[in-house]
Amino acid sequence: MTPDEMARLHAACFTLPPPWSAQELAATQEGRFSFTLERPGGFLMAQVVAGEAELLTLAVDPGARRQGIGRALVAGFLAEARARGAESAFLEVAEGNAPARALYEGQGFAETGRRRGYYRGEGRQEDAILMGCSLA
């Protein structure tokens with residue numbers, strides 16, 4: 001998937017937090033510690049630094065949801081993170097994104113904290129829920 005294709009998909013998935021641009025996605029892909037996983041209808045970007053894996057973003061085409069794409073991408077993230085030596089994984093998700101929170105909980109993540117009013121845009125704000133899991 002090209003950065004432009006990824007940006008179109010990201011824009012179809014997110015309004016808050018704001019979607020990433022093709023330039024932001026390309027720059028993230030070029031990061032020394034970053035990796036991207038793709039499946040038809042979705043992608044995930046992550047990084048592993050100093051024994052910690054961070055899931056940066058996950059986008060699944062709204063028309064292709066509930067087909068296991070997100071679950072497969074998160075499982076792939078956890079496997080790749082372990083292969084790169086990560087001992088733990090973390091992410092943040094908008095409080096109101098119940099489907100994503102359920103997906104992450106189903107993959108072993110638990111809430112570890114909250115960033116109040118972290119996501120802002122379109123005249124509203126929303127808390128970020130921090131989630132983490134052990135990869136040991």
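Before reading further, recall that the structure is shown in the block above.
The rules behind each value
- Residues numbered from 1 in each chain as written.
- Predicted model: local features only at pLDDT ≥ 70, side-chain atom pairs only at ≥ 80, totals over all residues.
- Heavy atoms only, no water.
- Helix = DSSP H or I, 4+ residues; strand = E, 2+ residues; numbered from the N terminus.
- Rg over C-alpha atoms; globule rule 2.2 N^0.38 Å.
- Buried < 20%, exposed > 50% of the residue type's maximum accessible area, 1.4 Å probe, protein only.
- Axes fitted to C-alpha atoms, helices over the stretch in contact; angles between N-to-C directions.
- Parallel < 35°, antiparallel > 145°, perpendicular 65-115°, else oblique.
- Left-handed = near helix turned anticlockwise from the far one by under 90°.
- Contact = heavy atoms within 4.5 Å.
- Nonpolar A, V, L, I, M, F, W, Y, C, P; charged D, E, K, R; others polar.
- Expected span 1.5 Å × (residues − 1).
- Pairing = 2+ DSSP bridges.

Undergrad: Help me understand the overall build of the protein in this model?
TA: Looking only at helices and strands, one finds four helices and six strands in the protein. Sequence-ordered secondary structure for the protein, helices as α and strands as β, is α-α-β-β-β-α-β-α-β-β. In summary, the protein has a C-alpha radius of gyration of 14 Å against a globular reference of 14 Å for 136 residues, a match within 12%. For the protein, the C-alpha atoms occupy an extent of roughly 40 × 35 × 30 Å along the three principal directions. Expressed as a percentage of the 136 residues in the protein, the buried residues total 40%.

Undergrad: How do you make sense of the packing of helix 1 (residues 3–13) against helix 2 (residues 22–29) when you look at a structure like this?
TA: When two helices pack together, their arrangement is given by the angle between the helix axes and the distance between those axes. For the pair helix 1 and helix 2, the least separation of the axes is 8 Å and the interaxial angle reads 120°. For the element pair helix 1 / helix 2, the angle class is oblique. Crossing of helix 1 against helix 2: the hand is right-handed. Taken together, the residues of helix 2 that come into contact with helix 1 (itself represented by Pro3, Asp4, Met6 and Ala7) are Ala22, Leu25, Ala26 and Gln29. Grouping the amino acids of the contact of helix 1 with helix 2 by side-chain chemistry returns six nonpolar, one polar and one charged.

Undergrad: What is the right way to look at helix 3 (residues 69–83) in this model?
TA: The α-helix advances 3.6 residues per turn, and as a result positions three or four apart in sequence lie on the same side. Taking 1.5 Å per residue as the helical rise, helix 3 with its 15 residues ought to reach 21 Å, and the 21 Å between its terminal C-alpha atoms agrees with that figure. The elements touched by buried residues of helix 3 are strand 1 (34–39), strand 2 (42–49), strand 3 (52–60), strand 4 (88–94), helix 4 (98–106) and strand 6 (124–134). Immediately beyond the C-terminal end of helix 3, within one or two residues, lies Gly85, with a positive phi of roughly 90°.

Undergrad: I tried to follow the sheet that holds strand 1 on my own but got confused; where do I start?
TA: Two pairing modes exist for strands in a sheet, parallel and antiparallel, and in both the strands are linked by backbone hydrogen bonds. One open sheet accounts for six strands, arranged 1-2-3-4-6-5; its pairing is mixed. With partners counted over all chains shown, the strands left at the sheet margins are strand 1 and strand 5 (110–121), one partner each. In this sheet, neighbouring strand axes are inclined to one another by 25° on average, regardless of whether the strands run parallel or antiparallel. Bridging between strand 5 and strand 6 involves eight bridges; their strand directions are antiparallel. Following the sheet pairing, Gly121 is matched in strand 6 by Arg124. Taken strand by strand, helix 1 contacts strand 1, strand 2 and strand 3, and its axis lies near 80° from that of strand 3.

Don't take any of this as a statement about function, it's just geometry.
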